[in-house]
Amino acid sequence: MWTRTAPEPSELARPFWEGCNEGRLLIQRCRTCGTFIHHPEPECTRCRGTNLFFDEVSGRGRIDTFTVVHRSFVPGYQDITPYVVGWILLPEQRNLRVFSAILGEGVTARVAIDAPVEVRFEDVAGFGAVPVFELT
Ligand SMILES: [Zn+2]
């Protein structure tokens, strides 16, 4: 159990977090044109359609960019430095990215641009599951 600060989900993002609690990475998608949208929006970012749903993605991706945090001012994170956060490119659509912690044994030495990663879910005290990515 992770004692970091919990997310504060918007109503739009609720299905994303419900998916996390089921161990599934769900990304908002437009039924009209098929575009994935992240973060969730009230209308499609491509066709402005409002017939949106949450579709399960593979949970695999590649690191687009990252940073190694050596000094953190965020409560719950000071005791886990150094740690890595970054943008993960998902293969389901060009430029579809999620921001995440990147974890794993020796990750600060092994992390690299374009490295393959896979999602897993961590329980945050008082909240539920949050997605994190691990180097594969
Ligand atoms: Zn659309």
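You'll find the structure just up there.
Just so it is clear, the structure is predicted and the values come from calculations on it, not from any experiment.

Another point: the sheet that holds strand S8 (residues 128-135). Spatially, 5 strands are ordered S4-S5-S6-S8-S7 in a closed barrel, and the strand pairing comes out mixed. The mean inter-strand angle of the sheet, taken between neighbouring strand axes irrespective of direction, is 50 degrees. Pairing analysis gives 2 bridges linking strand S6 (residues 97-103) to S8, with the strands arranged parallel. Looking at the pairing, Leu103 lines up with Glu134 of S8. The sheet contacts of helix H1 (residues 14-21) involve strand S7 (116-124) and S8, and relative to S8 the element is tilted by about 75 degrees.

Moving on, we get to the coordination of the zinc ion. Six octahedrally arranged donors around a metal ideally form angles of 90 or 180 degrees; four tetrahedrally arranged donors ideally form angles of 109.5 degrees. Binding of the zinc ion to the protein goes through Cys30 (SG), Cys33 (SG), Cys44 (SG) and Cys47 (SG), at separations of 2.3 to 2.4 Å. Every donor counted, the 4 donor atoms about the zinc ion form angles of 103 to 117 degrees at the centre, which fits tetrahedral coordination. When the donor residues of the zinc ion are listed from N- to C-terminus, their spacing reads C-x2-C-x10-C-x2-C.

Opposite charge on two side chains allows them to pair when their charged atoms are near. Tallying each qualifying case throughout the model produces 9 salt bridges. Here Arg97 and Asp64 are joined by a salt bridge, their closest N and O atoms 2.8 Å apart. Remark: Asp64 occurs in strand S4 (residues 60-69) and Arg97 occurs in strand S6; sequence separation between them is 33 residues. A relative accessible area of 27% means that Asp64 is categorised as partly exposed. One network of salt bridges, with partners in common, ties together Glu22, Arg24 and Glu56.

Mapped onto the fold, Ile63 is located in strand S4. A residue is classified by how much of its surface remains accessible, and Ile63, at 1% relative accessible area, is buried. Distance from Ile63 to Ile102, taken between C-alpha atoms, is 9.1 Å for residues 39 residues apart in sequence. When neighbours within four sequence positions are excluded, Ile63 is seen to be in contact with Trp87, Ile88, Ile102, Val111, Ala112, Ile113, Asp114, Ala115, Val117 and Leu135.

Calculation notes
- Residues numbered from 1 in each chain as written.
- Predicted model: local features only at pLDDT ≥ 70, side-chain atom pairs only at ≥ 80, totals over all residues.
- Heavy atoms only, no water.
- Pairing = 2+ DSSP bridges.
- Helix = DSSP H or I, 4+ residues; strand = E, 2+ residues; numbered from the N terminus.
- Axes fitted to C-alpha atoms, helices over the stretch in contact; angles between N-to-C directions.
- Contact = heavy atoms within 4.5 Å.
- Donors = N, O, S within 2.8 Å, 3.2 Å for Na, K, Ca; no water.
- Tetrahedral: all angles 85-135°; square planar, octahedral: opposite > 155°, others 65-115°.
- Salt bridge = Lys/Arg side-chain N within 4 Å of Asp/Glu carboxyl O.
- Buried < 20%, exposed > 50% of the residue type's maximum accessible area, 1.4 Å probe, protein only.

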